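Given next are the chains, with one letter for each unit.
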Amino acid sequence: MIRIAVVGDIGSGKSYIANLFGYPVFNADLEVAEIYKTNKSCFKRLKKNLPKYFSVFPANKIQIIKAIEDSEKNLEKITKIIHPEVRKQLSFFLKKNKKRRAVILDIPLLLENKLNQKSDIIVFIQSKKSEIVKRLKKRDNFNLNLYNQFKKTQLPPSYKKKKANHIIKNNFTNKLVKISVKKILKEII
């Protein structure tokens, strides 16, 4: 199985592009949201470690955002509880799709958490920072403080770009991105 990892800056279009490849996608952000909604044991640990913020199951976005905004240490505590669960889901996903020709990994902290393997094909999504910020601000739930907190946990885009096997320049027009995805698939599959 070929593992294609899609990496880039927050808001660069990773999830959209990951789905264009046409293979099963592991979307870590969706997994995290699902853990908050359904995993009672994770919630109990969150409540034990951050009782001021987590009181009623399921954890909701307001609780999570408040905890992260109040302290960087809270983000670290949440991460230590949530990330092992994401790893379990990733392992399950890989086992479930082991006979597939390829899988797509849409994991924002792939390199930071050393979830990549040497054989992974890393695709860096390059977007102009001004375009990213403009698009992020259009999101209903955009929060600049939260954005800045998450940026601190990520490696610089320049590092991710150096690690990449392929680069897709995302100017947020469908046609160019689709051509790039087809070209990469032709080379590796």
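You'll find the structure just up there.
Report on the accompanying structure. This structure is a prediction, so every number in the text was calculated from the model and none was measured.

**Section: the overall build of the protein**
Right, on to step 1. Helix and strand counts for the protein stand at 9 helices and 5 strands.
Right, on to step 2. In sequence order, the protein lays out its α and β elements as β-α-β-α-α-α-α-β-β-α-α-α-β-α.
Right, on to step 3. On C-alpha atoms alone, the protein measures out to a radius of gyration of 17 Å, which is about the 16 Å that the 2.2 N^0.38 rule sets for 189 residues.
Right, on to step 4. Each of the three principal axes of the protein carries a C-alpha extent, and together these read 50 × 40 × 25 Å.
Right, on to step 5. Within the protein, buried positions represent 43% of all 189 residues.
Right, on to step 6. Within the protein, contacts between residues at least 6 apart in sequence are counted, and of these 75% link residues at least 24 apart.

**Considering the sheet that holds strand β5 (residues 166-169)**
Right, on to step 1. With respect to topology, 5 strands assemble into an open sheet ordered β2-β3-β1-β4-β5, the strand pairing being parallel. Two strands close off the open sheet at either side, each with one partner strand: β2 (25-27) and β5. Neighbour-to-neighbour, the strand axes of the sheet open up by a mean angle of 20°, direction not taken into account.
Right, on to step 2. The sheet contact formed by β2 and strand β3 (residues 102-106) spans 3 bridges and is parallel. Across the sheet, the residue bridging to phenylalanine 26 is leucine 105, located in β3.
Right, on to step 3. Sitting on the sheet, helix α2 (residues 28-38) touches β2 and β3, and the angle it makes with β2 is about 55°.

**Looking at the side chain of histidine 166**
Right, on to step 1. The residue histidine 166 is located in strand β5 in this model.
Right, on to step 2. Taking relative accessible area as the criterion, histidine 166 reaches 13% and is therefore assigned buried.
Right, on to step 3. Excluding residues that lie within four positions of it along the chain, histidine 166 makes contacts with Ile121, Ile122, Val123, Phe124, Ile184, Glu187 and Ile188.

**A word on the packing of helix α4 (residues 61-70) against helix α5 (residues 72-96)**
Right, on to step 1. Running from N to C, α4 and α5 cross one another at 130°; their axes reach a closest spacing of 5 Å. Taken together, α4 and α5 sit at an angle that is classed as oblique. Along its contact with α4, which presents Ala67, Ile68 and Asp70, the element α5 presents Glu72, Asn74, Leu75 and Ile78.
Right, on to step 2. Taken together, the residues of the contact of α4 with α5 sort by class into 4 nonpolar, 1 polar and 2 charged.

**Details of the pairing of β5**
Right, on to step 1. Of the two faces of β5, only the one carrying His166 and Ile168 is buried; Ile167 and Lys169 on the other face are not.
Right, on to step 2. In the sheet, strand β4 (residues 121-126) pairs with β5 via 4 bridges, with the strands oriented parallel. Within β5, the position partnered with glutamine 126 by the bridge is lysine 169.

**Re the packing of helix α3 (residues 40-49) against α5**
Each pair of packed helices can be summarised by the angle the axes make with each other and by the distance between the axes.
Right, on to step 1. Orientation of α3 relative to α5, taken along the N-to-C sense of each, is 170°, at an axis distance of 10 Å. Relative to α5, the element α3 lies roughly antiparallel. In this structure, α3 meets α5 at a crossing whose hand is right-handed. Only Lys77, Ile78, Ile81, Ile82 and Glu85 of α5 make contact with α3, whose side of the interface consists of Cys42, Arg45, Leu46 and Asn49.
Right, on to step 2. Of the residues belonging to the contact of α3 with α5, the class tally is 5 nonpolar, 1 polar and 3 charged.

**Digging into the nonpolar core**
Right, on to step 1. By size, the foremost hydrophobic cluster in this structure holds 34 residues, and its most contacted members are Phe26, Phe54, Ile78, Ile82, Leu105, Ile107 and Leu110.
Right, on to step 2. Put simply, the parts of the chain that give this core at least two residues each are β1 (2-8), α2, α3, α4, α5, β3 and β4.
Right, on to step 3. When sequence neighbours within four positions are dropped, the list of residues in contact with phenylalanine 26 reads Glu31, Val86, Gln89, Leu90, Phe93, Ile104, Leu105, Asp106 and Ile107.
Right, on to step 4. One finds Ala18, Val123, Ile168 and Val181 within the second-largest nonpolar core, a separate group that totals 16 residues.

Cut-offs used in this document
- Residues numbered from 1 in each chain as written.
- Predicted model: local features only at pLDDT ≥ 70, side-chain atom pairs only at ≥ 80, totals over all residues.
- Heavy atoms only, no water.
- Helix = DSSP H or I, 4+ residues; strand = E, 2+ residues; numbered from the N terminus.
- Rg over C-alpha atoms; globule rule 2.2 N^0.38 Å.
- Buried < 20%, exposed > 50% of the residue type's maximum accessible area, 1.4 Å probe, protein only.
- Contact = heavy atoms within 4.5 Å.
- Pairing = 2+ DSSP bridges.
- Axes fitted to C-alpha atoms, helices over the stretch in contact; angles between N-to-C directions.
- Parallel < 35°, antiparallel > 145°, perpendicular 65-115°, else oblique.
- Nonpolar A, V, L, I, M, F, W, Y, C, P; charged D, E, K, R; others polar.
- Left-handed = near helix turned anticlockwise from the far one by under 90°.
- Core = buried A, V, L, I, M, F, W, Y, C linked by side-chain atoms within 4.5 Å.

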